[in-house]
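# Survey of secondary and tertiary structure
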Amino acid sequence: AYINVPFIMGSDWEHQVKRYIGADCADFVAIVLQKCGSSIPDDPYAHQLYENAKDGKHGLWLVMETTIKGNNVRPEPLPGDILLFDGIGVNIPDGKYDHATFFLKGNGNMFLDRFDNSLQASSSLGKIFIKNYTGLVKDKTKVAIIRFLK
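Parameters and conventions
Residues numbered from 1 in each chain as written. Predicted model: local features only at pLDDT ≥ 70, side-chain atom pairs only at ≥ 80, totals over all residues. Heavy atoms only, no water. Helix = DSSP H or I, 4+ residues; strand = E, 2+ residues; numbered from the N terminus. Buried < 20%, exposed > 50% of the residue type's maximum accessible area, 1.4 Å probe, protein only. Contact = heavy atoms within 4.5 Å. pLDDT = per-residue confidence, 0-100. Salt bridge = Lys/Arg side-chain N within 4 Å of Asp/Glu carboxyl O. Phe/Tyr/Trp six-rings, centres within 6.5 Å; stacked < 30°, edge-to-face > 60°. Core = buried A, V, L, I, M, F, W, Y, C linked by side-chain atoms within 4.5 Å.

### A look at the overall build of the protein chain
The secondary structure content of the protein chain amounts to three helices and six strands. In sequence order, the secondary structure elements of the protein chain are arranged as α-α-α-β-β-β-β-β-β. For the protein chain, the proportion of its 150 residues judged to be buried stands at 45%. Residue pairs at least 24 apart in sequence account for 53% of intrachain contacts in the protein chain once pairs closer than 6 positions are excluded.

### With respect to the environment of Asn52
Tracing the sequence through the fold places Asn52 in helix H3 (residues 46-54). The class of Asn52 is buried, set by a relative accessible area of 12%. Measuring from C-alpha to C-alpha, the distance between Asn52 and Ile146 comes to 9.8 Å, with 94 residues separating the pair along the chain. Once residues within four sequence positions are removed from consideration, Asn52 is found in contact with Ile40, Lys57, His58 and Leu60.

### Quick notes on the confidence of the model for the protein chain
Low pLDDT marks stretches whose predicted atomic positions should not be read closely. On average, the protein chain scores 75 in pLDDT, and the residues at 70 or more come to 66%. Element-level pLDDT for the protein chain is lowest in strand E5 (residues 127-132), with a mean of 57, against a maximum mean of 92 in H3.

### Quick word on unusual backbone geometry
Negative phi characterises most residues that are not glycine, and trans characterises most peptide bonds. Although it is not a glycine, His58 adopts a positive phi angle of roughly 60 degrees. A relative accessible area of 24% means that His58 is categorised as partly exposed.

### Some thoughts on helix H2 (residues 25-35)
Most of H2 sits out of view: eight of its eleven residues are buried. When we look at burial in H2, the residues that qualify are Cys25, Ala26, Asp27, Phe28, Val29, Ala30, Ile31 and Leu33. Once H2 finishes, Gly37 follows within two positions and takes phi at roughly 105 degrees, a positive value.

### Quick word on the pattern of salt bridges
A complete count under the given rule lists three salt bridges for this structure. Its salt-bridge partner being Lys54, residue Glu51 comes within 3.5 Å of it at the nearest N-O pair. Here Glu51 and its partner Lys54 are both found in helix H3, three residues apart, which amounts to about one turn of the helix. The class of Lys54 is partly exposed, set by a relative accessible area of 45%. Note that Glu65 and Lys142 form a salt bridge whose closest N and O atoms lie 3.6 Å from each other. Here Glu65 is found in strand E1 (residues 60-67), whereas its partner Lys142 is found in strand E6 (residues 142-148), with 77 residues between them in sequence. For Glu65, a relative accessible area of 34% puts it in the partly exposed group.

### A word on the packing of aromatic side chains
For the structure shown, the criterion picks out two aromatic pairs. Judged by centre distance (5.9 Å) and plane angle (90 degrees), the ring pair of Phe28 and Phe102 falls under edge-to-face. Pair noted here: Phe28 is in helix H2 and Phe102 is in strand E3 (residues 99-105), with a separation of 74 residues, a long-range link. Each of the two residues, Phe28 as well as Phe102, counts as buried.

### Considering the nonpolar core
In terms of nonpolar packing, the biggest core is built from 24 residues, with Val29, Leu49, Leu60, Ile82 and Leu84 touching the most fellow members. Counting residues per element, the ones that place at least two in this core are helix H1 (13-17), H2, H3, strand E2 (82-86), E3 and E6. For this core, the element with the most residues is H2, which contributes six residues. Not counting residues within four places of it along the chain, the set of residues in contact with Leu84 comprises Ala46, Leu49, Tyr50, Tyr97, His99, Ala100, Lys142, Val143, Ala144 and Ile146.

So, in structure tokens, the structure goes:
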């Protein structure tokens, strides 16, 4: 139901996210997790998702955390895993994750290459959509893989 919902940075949980008016990346991930049974609190930031997974809270589990070097990182995420990024696009790496997305499918070749798909809220296109990772992940991008275990 959230496909093509507008991207709204810092979206208001009660008035925008829960009414399908708009969401930012972390709000989108959180509302989907809540619909799947997680007790994740409303209105999180991407880095709060990481902190919860690191501490094993709300059914989230940190699978791995790494810095991309040549796009060859294993293990590859599973469909439905949450990916967190630090320093993508115009954001400067600051040690905190600033983008969250769901991993949909990989081709089993390279980690997050142009054939891998995600479901995400994007400021560049202004909506929630399915997209490939071309240009999103570069060397030195910090990434965390999180799994929801109900």
